[in-house]
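Structural overview
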Amino acid sequence: SQVNFEEESQNQPAVGHWKPLMPSKGDKEEPEGGCQDAGGVGKPQSTEQLNVSRLRSSSVEIREKGSEFLRDELHKAQKELKLKDKECERLSKVREQLEQELEELTASLFEEAHKMVREANTKQAAAEKQLREARGKIDMLQAEVTALKTLVITSTPSSPNRELHPQLQSPSKAGFRKGHGRNKSTSSAMVSAASQGMAPEPVSRECREVDSILFAEFQAWKESPTLDKSCSFLDRIYREDVGPCLDFTKQELSELVRVAVEQNTLTIEPVASQTVPVGKVAAEECGGPKKCALSGLPRTCKHRIMLGDSGNYYYISPSCRARITAVCNFFTYIRYIQQGLVRQDVEPMYWEVMRLRREMSLAKLGFYPSEM
């Protein structure tokens, strides 16, 4: 420190004396004799004071340089901090942009998947319809071939069949039956059936009209979508569609199924040919491959359900499965809307909800696809 340095400089013996180049004003006013009368004490004192003043001036200079150095370092640190702040802001913007793009991509993928499922179902229904028509035509052709074989076999040279040989008939009968030489009981019936089967079905276009009350309720729900059934939109659907669709004969099990559907914890899986009921619940309550656990009726059960992670399986009939599936499809779609995964206008979303409500109504009335 400065005090220790001054003490050490005072304790050291003076080797020589500093002589100022220019005498100070005090030196000019004081006579030389005065210094000599003091016994030579004035010169060492002025030298020490000069050294102390120089040390003080050097310490002040060091402090100034140190403070200036610290100020420079502070300015540099502030500049680096500003650059880092700008970089952080740029990176945060990039992250927000990536998150937005990822969200839009996810929404588009969900929408495309939903669209592909609908198109696949439509194509499957059309293919099944064509298959049924083709099988009907095959059966009709086979019946005609059988009838022709019967006519050919019954015609012999000794007793020819006049249906196959019109030239053997009388002119009046031949003219009356001109253009139709087959057995009326077989061939005409087949031809009429073929004409009915091959006649094109009239294509009816479905007319739709938006219900103002339902659309207003859906718009209000769309502004702040929620799964709370206290809102008017979901309250109406629960009363008119979900409640009746999940109202089965076994009331206690029906309530458990409804809760599992709302919580998205219900599992439906196909039944193997040798599946045995699993769990602690009795086989009578769980139903079986020949008895529905929800309706209690003897039905061929091709599927079974599990509620949450209980491990108990309940066998259900195709009709009950169609009703549960219709309700699950509705809840899945409104969950997509709530999560912001459906990027459509309000009206297409409304009509999709109406279509899902129609499926629930049809399933409640007992209509379901044959593949179930």
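Residues numbered from 1 in each chain as written. Predicted model: local features only at pLDDT ≥ 70, side-chain atom pairs only at ≥ 80, totals over all residues. Heavy atoms only, no water.

In the nomenclature of an unreviewed UniProt entry, the chain is known as R3GEF factor of Rhipidura dahli. Its UniProt record gives the chain a comment under Sequence similarities (unreviewed entry), which states: "Belongs to the SEC2 family." (UniProt positions renumbered as here; feature names shortened; annotations may be inferred.)

1. Section: the pairing of strand E2 (residues 303-307)
Counting buried positions over the five residues of E2 gives five, a clear majority of the element. Side-chain alternation along E2 places His303, Ile305 and Leu307 on one buried face and Arg304 and Met306 on a second face that is also buried. Pairing between strand E1 (residues 266-270) and E2: five bridges, direction antiparallel. Its bridge partner lying in E2, Glu269 is registered against Arg304. Pairing between E2 and strand E3 (residues 313-316): four bridges, direction antiparallel. (Buried < 20%, exposed > 50% of the residue type's maximum accessible area, 1.4 Å probe, protein only. Helix = DSSP H or I, 4+ residues; strand = E, 2+ residues; numbered from the N terminus. Pairing = 2+ DSSP bridges.)

2. Regarding the sheet that holds E3
Taken together, the three strands give an open sheet; going across it, the order is E1-E2-E3, and neighbouring strands pair in antiparallel fashion. Each edge of the open sheet is held by one strand with a lone partner, namely E1 and E3. Averaged over all adjacent pairs, the angle separating strand axes in this sheet is 30 degrees, with direction ignored. Its contacts with the sheet put helix H9 (residues 251-262) on E1, E2 and E3, and the angle it makes with E2 is roughly 75 degrees. (Axes fitted to C-alpha atoms, helices over the stretch in contact; angles between N-to-C directions. Contact = heavy atoms within 4.5 Å.)

3. A short note on the packing of helix H7 (residues 212-223) against helix H8 (residues 232-245)
Where H7 contacts H8, the axes come no closer than 8 Å and their chain directions differ by 125 degrees. One way to sum up the angle between H7 and H8 is to call them oblique. Along its contact with H7, which presents Ile213, Leu214, Glu217, Phe218 and Trp221, the element H8 presents Ser232, Phe233, Leu234 and Arg236. By residue class, the composition of the contact of H7 with H8 is six nonpolar, one polar and two charged. (Parallel < 35°, antiparallel > 145°, perpendicular 65-115°, else oblique. Nonpolar A, V, L, I, M, F, W, Y, C, P; charged D, E, K, R; others polar.)

4. Some words on the packing of H9 against helix H11 (residues 318-338)
Between H9 and H11, the least distance of the axes is 10 Å, while the angle of their chain directions is 30 degrees. If you check the angle between H9 and H11, you find them roughly parallel. Crossing of H9 against H11: the hand is right-handed. Judged by residue contacts, Val257, Val261 and Glu262 of H9 engage Ile324, Val327, Cys328, Phe331 and Arg335 from H11. (Left-handed = near helix turned anticlockwise from the far one by under 90°.)

5. Describing the confidence of the model for the chain
Per-residue confidence for the chain gives a mean pLDDT of 77, with 68% of residues at or over 70. For the chain, the element scoring lowest by mean pLDDT is helix H6 (residues 184-198), at 40; H8 scores highest, at 95. Of the regions scoring below 50 in pLDDT, residues 170-203 engages in 26 contacts with residues more than four places distant in sequence or in other chains. A low-confidence stretch, residues 274-285 stays under pLDDT 50, and its non-local contacts, those more than four residues away or across chains, total 19 contacts. (pLDDT = per-residue confidence, 0-100.)

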